[in-house]
Number of protein chains: 2
Amino acid sequence: MSQRNTCVSDQAMHAKACTVREVLDRVGGKWSIGVIIEASRAPVRFTELERAITGISRRMLTLTLRNLERDGLLTRTVYPTVPPKVEYTATDMARELYDSLVTLTDWADRHRAAIAASREAYDHRTAAAGTPGDR
Amino acid sequence: MSQRNTCVSDQAMHAKACTVREVLDRVGGKWSIGVIIEASRAPVRFTELERAITGISRRMLTLTLRNLERDGLLTRTVYPTVPPKVEYTATDMARELYDSLVTLTDWADRHRAAIAASREAYDHRTAAAGTPGDR
DNA sequence: CAGTATCCTCAACGATACTG
DNA sequence: CAGTATCGTTGAGGATACTG
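Being a predicted model, the structure only gives us computed values, none of them experimental.

Considering the protein's contact with DNA strand C
Item 1. Around DNA strand C, 22 residues are found, and the nearest of them are Arg59(A), Thr47(B), Thr62(B), Arg76(B) and Tyr88(B).
Item 2. Counting only the atoms of DNA strand C within 4 Å of the protein, the fraction contributed by sugar and phosphate is 64%.
Item 3. A distance of 3.0 Å is found between a base oxygen of DNA strand C and a side-chain nitrogen or oxygen belonging to Arg58(B).
Item 4. Counting residues per element, the ones that place at least two in the surface near DNA strand C are helix H4 (58-70) of chain A together with helix H3 (46-52), helix H4 (58-70) and strand S3 (85-90) of chain B.

Some words on the relation of the copies chain B and chain A
Item 1. Note on the copies: chain B fits chain A at an RMSD of 0.1 Å, the axial shift is 0.0 Å, and the rotation between them is 180°. Those values place the two copies in the arrangement expected of a two-fold rotation axis.

What to know about the pattern of salt bridges
Item 1. Counted under the stated rule, the structure contains 18 salt bridges over all chains.
Item 2. One salt bridge connects Glu87(B) with Lys85(B), and the closest N-O pair in it is separated by 4.0 Å.
Item 3. A relative accessible area of 16% means that Glu87(B) is categorised as buried.
Item 4. With its nearest N and O atoms 3.1 Å apart, the salt bridge here joins Asp109(B) to Arg112(B). With Asp109(B) and Arg112(B) both in helix H5 (residues 92-130) and three residues apart, the pair spans about one turn of that helix.
Item 5. Owing to a relative accessible area of 46%, Asp109(B) belongs among the partly exposed residues under this scheme.
Item 6. Overall, Arg112(B) belongs to the partly exposed group, its relative accessible area being 35%.
Item 7. What you see here is one network of salt bridges that share partners, running through Glu22(A), Asp109(B) and Arg112(B).

Some details on the environment of Arg66(B)
Item 1. In this structure, Arg66(B) sits in helix H4.
Item 2. Ignoring sequence-local partners within four residues, the contact set of Arg66(B) consists of Tyr122(A), Arg76(B) and Tyr88(B).

A short note on the pairing of strand S2 (residues 74-79) of chain B
Residues and elements named next belong to chain B.
Item 1. Sheet topology places S2 next to S3; six bridges connect them, and they run antiparallel. Residue Val 78 lies in a different strand from S3, and its bridge partner there is Val 86.
Item 2. Where S2 folds back on S3, the antiparallel hairpin that results is connected by five residues.

Notes on the UniProt feature "domain: HTH hxlR-type" (unreviewed entry) in chain A
Item 1. The feature "domain: HTH hxlR-type" (unreviewed entry), as given by UniProt, occupies residues 18-116 of chain A in the numbering adopted here.
Item 2. Between the C-alpha atoms that bound residues 18-116 of chain A there is a distance of 28 Å. The span itself is 66% helix and 14% strand.

With respect to the packing of helix H2 (residues 32-41) of chain B against H4(B)
All names here are of chain B.
Item 1. Remark: H2 packs on H4, axes separated minimally by 10 Å, with the N-to-C direction vectors making an angle of 70°. Between H2 and H4, the crossing angle belongs to the class labelled roughly perpendicular. Taken together, the residues of H4 that come into contact with H2 (itself represented by Ser 32, Val 35 and Ile 36) are Leu 61, Thr 64, Leu 65 and Leu 68.
Item 2. Classifying every residue of the contact of H2 with H4 gives five nonpolar, two polar and no charged.

Overview of the environment of Tyr98(A)
Item 1. Inspection of the secondary structure assignment puts Tyr98(A) in helix H5 (residues 92-130).
Item 2. Note on Tyr98(A): relative accessible area 19%, which makes it buried.
Item 3. Each C-alpha atom, one on Tyr98(A) and one on Ile33(A), is 8.2 Å from the other, the two residues being 65 residues apart in sequence.
Item 4. Leave out the neighbours within four places in its chain, and Tyr98(A) touches Ile37(A) and Lys16(B).

Quick look at H4(B)
Residue and element names in this part refer to chain B.
Item 1. In a regular helix each residue adds 1.5 Å, so 13 residues correspond to 18 Å; H4 covers 18 Å between its end C-alpha atoms and thus fits that length.
Item 2. Looking only at H4, the buried set comprises Leu 61, Thr 64, Leu 65, Leu 68 and Glu 69. Buried residues in H4, looked at end-on, bunch into an arc of 130°, giving them a common side.

Side note on the interface of chain B and chain A
Item 1. Counting from both sides, the interface comprises 55 residues of chain B and, opposite them, 57 residues of chain A.
Item 2. Counting each side, the surface lost to burial between chain B and chain A is near 5300 Å², with a carbon and sulfur contribution of 61%.
Item 3. Three residues stand out in chain B for area buried against chain A, namely Arg70(B), Leu104(B) and Trp107(B), and they jointly supply 14% of the buried area on that side.
Item 4. Here chain B is connected to chain A by eight salt bridges.

Calculation rules
Residues numbered from 1 in each chain as written. Chains lettered and ligands numbered in written order. Predicted model: local features only at pLDDT ≥ 70, side-chain atom pairs only at ≥ 80, totals over all residues. Heavy atoms only, no water. Near = heavy atom within 4 Å. Polar contact = N/O pair within 3.5 Å; in protein donor to acceptor, adjacent residues only side chain to side chain. Helix = DSSP H or I, 4+ residues; strand = E, 2+ residues; numbered from the N terminus. Least-squares fit on C-alpha atoms with pLDDT ≥ 70 in both. Salt bridge = Lys/Arg side-chain N within 4 Å of Asp/Glu carboxyl O. Buried < 20%, exposed > 50% of the residue type's maximum accessible area, 1.4 Å probe, protein only. Contact = heavy atoms within 4.5 Å. Pairing = 2+ DSSP bridges. UniProt positions renumbered as here; feature names shortened; annotations may be inferred. Axes fitted to C-alpha atoms, helices over the stretch in contact; angles between N-to-C directions. Parallel < 35°, antiparallel > 145°, perpendicular 65-115°, else oblique. Nonpolar A, V, L, I, M, F, W, Y, C, P; charged D, E, K, R; others polar. Expected span 1.5 Å × (residues − 1). Arc of directions from axis to C-beta. Buried area = accessible area lost by both parts, 1.4 Å probe.

Set out below in structure tokens:
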């Protein structure tokens, strides 16, 4: 994701915000969630992921996989064959994380319409403010 | 946040990944969560937020507030006094979101140690690979 | 007080040629 | 097949002077 840990020296209740940031720093990247979901179903190979995740570049797939592996969210298994075969599998920790994320999708589902409406209203307001004459 | 909506043209189950991204695009910013938490307790003024949230710049506070207001997560109330007084309050939608985030903090709390250990192990491994001689 | 306007930096991401 | 190595782009975020 985009930001570093600013939690040091934070006081009291900010602990909550920081804990959330910990998670976000881990899965906030553009592709992390997609990879975790794919690797949660069954072991997946590099090329399979590349095809399954629309729009991801080879470089970003590699980086995402390495970071997730480093955090213990993915297991990387190399079969020393020719040509090489590598499989990625989500760990239990990652599956748990995915389950927790369901709570968030519920929230999004419930409020998607309200948010869209709020945005439209806001944009309409500010557009009106930006157009002095309005005619 | 860093990334645009790539959900268009996505198929079947990727809907889940996209719904998560919707939330992340909204709250994934470096400061959004902190602002929501502060504004969930009670109405807060601009300067109060600036002091409460360690490290935030004036510019980012403004941007974060505007985005959250646009999405209907914050209410902005202006008291036409001199000097001006502006209060920000979290909406019910935002409080609900915050409640959902608790699930994530639980996950982080449970696995913080495991993640740290995994990272250290990974870094040690790759460091060893990078140091040919090792002595 | 509550912002806006400017300028700048840097890390995330994208594209793609090359390789064990 | 499963990557790595390079180069280029973009936008999030930071610092800060100025203003109604």
